[in-house]
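Report on the structure
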Amino acid sequence: QVQLVESGGGLVQSGASLRLSCAVSGMPFSLYVMGWYRQAPGKKRELVASIMTRGITNYADSVKERFTISRDNAKNTVTLQMNTLKPEDTAVYYCNSATPSPPLTWGQGTQVTVSS
């Protein structure tokens, strides 16, 4: 059974940093492209960062130069380092696979709230 468990969210002030982690089990993690997504209230879920199986990364324009995605294939984890957070980064953050890997069951996500 595939399981994705996100952690590391919280309430921070504008300009602060947070590090999100996602523990993945029940699937061949090293073979999957992985991504971090977020969903703000009233908005669609969006992909903010992805990482290929061998580490090539891609970012949404809104988070470039501020967020860094990484993965540890030995530990089946994917991490999102978020720096210089802005109020518009407030959302529930989820990890999941990314194109072209097939989608996985969504986890519960982790709430990130950035106050101005």
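Figured I'd write up the structure that's included with this text. If you're wondering where the values come from, they're calculated on a predicted model, not measured in any experiment.

**Observations regarding the overall build of the chain**
- The helix and strand inventory of the chain stands at zero helices and ten strands.
- The secondary structure elements of the chain, listed N-terminal to C-terminal, are β-β-β-β-β-β-β-β-β-β.
- For 116 residues, the compact-globule formula gives about 13 Å, and the C-alpha radius of gyration of the chain, at 13 Å, lands near that figure.
- The buried share of the chain, reckoned over its 116 residues, is 40%.
- Within the chain, contacts between residues at least 6 apart in sequence are counted, and of these 54% link residues at least 24 apart.
- For the chain, the exposed surface amounts to about 6200 Å²; the carbon and sulfur share of it is 50%.
- Distance between charge centres in the chain, computed from 11 positive and 7 negative side chains, equals 4 Å.

**What to know about the sheet that holds strand β4 (residues 34–39)**
- The six strands are arranged β2-β10-β9-β4-β5-β6 in an open sheet whose pairing can be described as mixed. Whereas interior strands pair on both sides, the edge strands pair on one side only; in this sheet they are β2 (10–13) and β6 (57–59). With direction set aside, neighbouring strand axes in the sheet form an average angle of 25°.
- With three bridges joining them, strand β9 (residues 91–97) and strand β10 (residues 110–115) adopt antiparallel strand pairing. By the bridge assignment for β10, Ala91 is matched with Val112.

**Things to note about the packing of aromatic side chains**
- Taken as a whole, this structure holds two aromatic pairs when the rule is applied.
- Their ring planes at 85° and their centres at 5.1 Å tell us that Tyr37 and Trp106 sit as a pair that is edge-to-face. Separated by 69 residues along the polypeptide, Tyr37 in strand β4 and Trp106 in the loop between β9 and β10 bring together distant segments of the chain.
- Owing to a relative accessible area of 37%, Trp106 belongs among the partly exposed residues under this scheme.
- Put simply, the rings of Tyr37, Tyr94 and Trp106 touch in pairs and so form one group of aromatic residues.

Here is what the cut-offs are and how they apply
Residues numbered from 1 in each chain as written. Predicted model: local features only at pLDDT ≥ 70, side-chain atom pairs only at ≥ 80, totals over all residues. Heavy atoms only, no water. Helix = DSSP H or I, 4+ residues; strand = E, 2+ residues; numbered from the N terminus. Rg over C-alpha atoms; globule rule 2.2 N^0.38 Å. Buried < 20%, exposed > 50% of the residue type's maximum accessible area, 1.4 Å probe, protein only. Contact = heavy atoms within 4.5 Å. Areas by Shrake-Rupley, 256 points an atom, 1.4 Å probe, with all protein chains shown as cover. Lys, Arg positive; Asp, Glu negative; His and termini not counted. Charge placed at Lys NZ, Arg CZ, Asp CG, Glu CD. Pairing = 2+ DSSP bridges. Axes fitted to C-alpha atoms, helices over the stretch in contact; angles between N-to-C directions. Phe/Tyr/Trp six-rings, centres within 6.5 Å; stacked < 30°, edge-to-face > 60°.

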